[in-house]
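Given next are the chains, with one letter for each unit.
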Amino acid sequence: MVDLSVDIAGLRLKNPVIAASGTYGYGAEYADFLEIEKLGGLAVKGTTLKPRQGNPAPRLAETPSGLLNTVGLQNKGVDYLIREHLPKLAGLNTAVIVNVCGSTPEEYRAVVKKLRDQPAVSALELNISCPNVSQGGLACGTDPDTAAELVKQIKPFCDKPLIVKLSPNVTDIASIAQAVEAAGADAVSLINTLLGMAVDIETQRPRLSTVTGGLSGAAVKPVALRMVWQAARAVKIPVIGLGGISCWQDAVEFLLAGASAVQIGTANFQNPLVMLEIIAGLAEYLQSKGLAKITDIVGGLKIPD
Amino acid sequence: MKKLVNAAVVSASLLSPAYLLLIVNTGTAIPVAAGQFASIGLPGVCLRRPFSIHDADGAVLSFLIKIVGGGTRRLAKLKPGDTLSIMYPLGNGFMLSEKPAVLVGGGCGLAPLLLLAKQLQAAGARPLAVLGGRSKDDIVELGALAKYAAVRVATEDGSLGARGLVTAELNDLKSGAAVYACGPEAMLKALHKLAAEKNFHLQLSLEALMACGVGACLGCVTDTLKDGRVCVCSAGPVFNAEDLPW
Ligand SMILES: Cc1cc2nc3c(=O)[nH]c(=O)nc-3n(C[C@H](O)[C@H](O)[C@H](O)COP(=O)(O)OP(=O)(O)OC[C@H]3O[C@@H](n4cnc5c(N)ncnc54)[C@H](O)[C@@H]3O)c2cc1C
Ligand SMILES: Cc1cc2nc3c(=O)[nH]c(=O)nc-3n(C[C@H](O)[C@H](O)[C@H](O)COP(=O)(O)O)c2cc1C
Ligand code: FES
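Residues numbered from 1 in each chain as written. Chains lettered and ligands numbered in written order. Predicted model: local features only at pLDDT ≥ 70, side-chain atom pairs only at ≥ 80, totals over all residues. Heavy atoms only, no water.

## Brief notes about the site of ligand 2
For step 1, the next point in the chain: Residues in contact with ligand 2 amount to 22 residues; listed here are only the nearest, Ser21(A), Lys165(A), Gly217(A), Gly244(A) and Thr266(A).
For step 2, the next point in the chain: Residues lining ligand 2 come from chains A and B.
For step 3, the next point in the chain: Here an oxygen atom of ligand 2 sits 2.8 Å away from a polar atom, N or O, in the main chain of Ser21(A).
For step 4, the next point in the chain: At 2.8 Å, a side-chain N or O of Lys165(A) approaches an oxygen atom of ligand 2. (Near = heavy atom within 4 Å. Polar contact = N/O pair within 3.5 Å; in protein donor to acceptor, adjacent residues only side chain to side chain.)

## Digging into the interface of chain A and chain B
For step 1, the next point in the chain: The partner chain B presents 24 residues to the 26 residues of chain A that form the contact.
For step 2, the next point in the chain: Summing both partners gives a buried area of about 2,300 Å² for chain A against chain B, and 59% of it is carried by carbon and sulfur.
For step 3, the next point in the chain: At the junction of chain A and chain B, the tally comes to 1 salt bridge.
For step 4, the next point in the chain: Arg49(B) is the salt-bridge partner of Glu62(A), the closest N and O atoms lying 2.8 Å from each other.
For step 5, the next point in the chain: Of all elements in the fold, only strand 5 (60-63), strand 6 (66-69) and helix 8 (267-270) of chain A reach the threshold of two or more residues within the side of chain A that touches chain B.
For step 6, the next point in the chain: Partitioning the side of chain A that touches chain B into residue classes produces 11 nonpolar, 10 polar and 5 charged. (Contact = heavy atoms within 4.5 Å. Buried area = accessible area lost by both parts, 1.4 Å probe. Salt bridge = Lys/Arg side-chain N within 4 Å of Asp/Glu carboxyl O. Helix = DSSP H or I, 4+ residues; strand = E, 2+ residues; numbered from the N terminus. Nonpolar A, V, L, I, M, F, W, Y, C, P; charged D, E, K, R; others polar.)

## With respect to helix 5 (residues 173-182) of chain A
Residues and elements named next belong to chain A.
For step 1, the next point in the chain: All buried positions along helix 5 are accounted for by Ile173, Ala174, Ile176, Ala177, Ala179 and Val180.
For step 2, the next point in the chain: Its side-chain oxygen at 3.2 Å from the backbone nitrogen of Ala174, Asp172 defines the N-terminal cap of helix 5.
For step 3, the next point in the chain: Backbone geometry just after helix 5 places Gly184 at a positive phi near 120°. (Buried < 20%, exposed > 50% of the residue type's maximum accessible area, 1.4 Å probe, protein only.)

## Remarks on the domain arrangement of chain B
All names here are of chain B.
For step 1, the next point in the chain: You can read the domains of chain B as domain 1 (3-90) and domain 2 (101-205).
For step 2, the next point in the chain: When each unit is reduced to the centre of its C-alpha atoms, the spacing between domain 1 and domain 2 is 23 Å.
For step 3, the next point in the chain: With 15 residues of domain 1 at the interface, the matching set in domain 2 holds 14 residues.
For step 4, the next point in the chain: A combined buried area of about 1,300 Å² lies between domain 1 and domain 2, and 60% of that area is made up of carbon and sulfur atoms.
For step 5, the next point in the chain: Together, Tyr19, Ala34 and His54 form the three largest contributors to the area buried by domain 1 at its contact with domain 2, with a combined 41%.
For step 6, the next point in the chain: Here Asp55 ties to Lys118 by a salt bridge, and the two come within 2.8 Å at their closest N and O atoms.
For step 7, the next point in the chain: At the boundary of domain 1 and domain 2, one finds 6 residue pairs in polar contact (both at pLDDT 80 or more).
For step 8, the next point in the chain: At the level of elements, strand 1 (3-16), strand 2 (19-25), strand 5 (55-57) and strand 6 (60-66) are the ones that each hand at least two residues to the side of domain 1 that touches domain 2.
For step 9, the next point in the chain: Of the residues contributing to the side of domain 1 that touches domain 2, the split by class is 9 nonpolar, 4 polar and 2 charged. (Domains from an automatic or database assignment.)

## Quick word on a nonpolar patch on the surface
All names here are of chain A.
For step 1, the next point in the chain: Together, Met197, Val199, Ile201 and Val211 give the surface a local cluster of nonpolar side chains, amounting to about 390 Å² of exposed area.
For step 2, the next point in the chain: When you line up the elements, Ile201 lands in the loop between strand 12 (199-200) and strand 13 (205-206).
For step 3, the next point in the chain: Owing to a relative accessible area of 69%, Ile201 belongs among the exposed residues under this scheme. (Patch = residues over 30% accessible without salt bridge, like charges linked within 9 Å, V, L, I, M, F, W, Y side chains within 5 Å. Areas by Shrake-Rupley, 256 points an atom, 1.4 Å probe, with all protein chains shown as cover.)

## Let's talk about the nonpolar core
For step 1, the next point in the chain: Within the largest apolar cluster, 145 residues are counted, with the highest numbers of intra-cluster contacts made by Tyr30(A), Leu115(A), Leu126(A), Leu166(A) and Leu190(A).
For step 2, the next point in the chain: Looking at which domains feed residues into this core, each of domain 1 (3-90) and domain 2 (101-205) of chain B gives three or more.
For step 3, the next point in the chain: Apart from the residues lying within four places of it in its own chain, the contact partners of Leu115(A) are Val78(A), Leu81(A), Ile82(A), Leu86(A), Val98(A), Val100(A), Val121(A), Leu124(A), Asp159(A) and Lys160(A).
For step 4, the next point in the chain: If you look at the next biggest cluster of nonpolar residues, it comprises 48 residues, including Tyr19(B), Ile53(B), Leu75(B) and Ala111(B). (Core = buried A, V, L, I, M, F, W, Y, C linked by side-chain atoms within 4.5 Å.)

Here it is in structure tokens:
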């Protein structure tokens, strides 16, 4: 038996495969199809202080090998999460990561404070990068100074590993990763969605209600992989890689590039069992390479000189 | 309970150049309420495609599919014995009522009405089905439906049945009827207006672009009066007309 377990800044996962925020609901939605406890972890939908109704329809557009979305952080607020979802999530026997979002540093802080002492929550993922909200999100995720300032304000109130989720919509991912590391982030995850757009040429209208939205899925994988590699070289804290991972081979690429764990989003829509297939594939890959632990391949990319 | 199965294609036959009748065997019998749907995964297609369950008999499901794009074109090329990933039954179906039943469908909106007529008839009702479309090419599966319902047809060009819209066929409808409808949004909106005027109870099956089909991604929302933005896939696809702010 190979050892797939990983420890990300104190967040212990039985395997390095996590469901990405916003794509797997609260786990229960998929519980008819698989045992959720087989997953390394589950990142729940972006959670704000107050309920948000999100953006109007249409919110989705399929593009070649990808998906554009403009859901816009629809959620019922942190109190509802604590009351209705956390008791159920606690019983799932997998690491629960709450994705936290806000329009102002005060809102982020209020959400983080409410999640203190919640035993069902294993870690927080600070979403400083959602492209689908007009205020806050994008602005603070694209500037190293504001990103660092936000993390500094939140860190003292966070009693769990703090993962900061980075936006790919920046010119220099390494400097943002370094800035949030210096501000106290325990880990970073990347990438969130890439800003994109699609047009219906029959109606001559944008396909999304907000004109632009976030691109995910296989189409973004090479960009995501490049950014994970750049970030992993720039920081000492663990990196969680995501963006377009659709099979175990993709996951191996991210691990070799320096990710300590991976998240799977859009690929779940096509195949709700894909995460289980990735977990099995990782174990077989290790065996075929004669390796005992998944950590043996993290950052193992061999670059010929 | 929802299931994800690899189903075997029994047949994929074109009923007309634009309509496909796809029959699959899922290998497992799950009760289906008329109006529930399935999502079909196609290799190489990023998102699964949602389709109403047209008929369900034990492990055998059928789908009535209008060919509109890449995914549906690929479904039309399936051969008996091919396998397909099918997730079902998804969403909430129609609530069967004791009131006199009228089924209204346009184009592929007929899809969920066959199973509905069958279930209504089994419950002792004698439903009336009113089908509409642009021309006779949009009216398929008349024979199958006629087994369970009295059928009336209206086409916009008059090539089959009465000339005009389905809503005109409902003018003599008695108040207190239960109308079940599926079809293009313009038709559903017209029915919504008529339901208020004529005081009949109306249930509508809505469509939306979907990614997960199970309420996880929040991609498929519609606005409702009581609950705000809800997912068509998990709160619907069937809604009571009075809950929609149309
Ligand atoms: C709950 C539900 C039940 C449905 N039941 C049926 C059915 O029984 N029979 C049937 O023929 N169709 C049904 N549809 C619509 C069907 O899902 C789409 O026609 C199909 O996904 C198109 O796939 P495509 O790859 O061929 O087209 P694409 O190339 O993806 O698109 C072609 C055109 O179809 C439109 N379209 C794509 N997806 C949808 C969608 N989900 N809903 C509405 N329009 C869409 C696009 O906007 C575009 O104009 C249903 C949709 C939903 C949400
Ligand atoms: C429908 C949808 C909703 C999402 N919602 C969130 C969210 O609430 N918070 C967040 O940090 N990321 C959200 N994301 C981004 C994903 O978590 C992920 O970063 C991105 O999709 C790239 O990974 P993928 O290609 O594997 O999907 C969402 C993505 C999609 C497709
Ligand atoms: S399609 Fe994902 S929530 Fe409805």
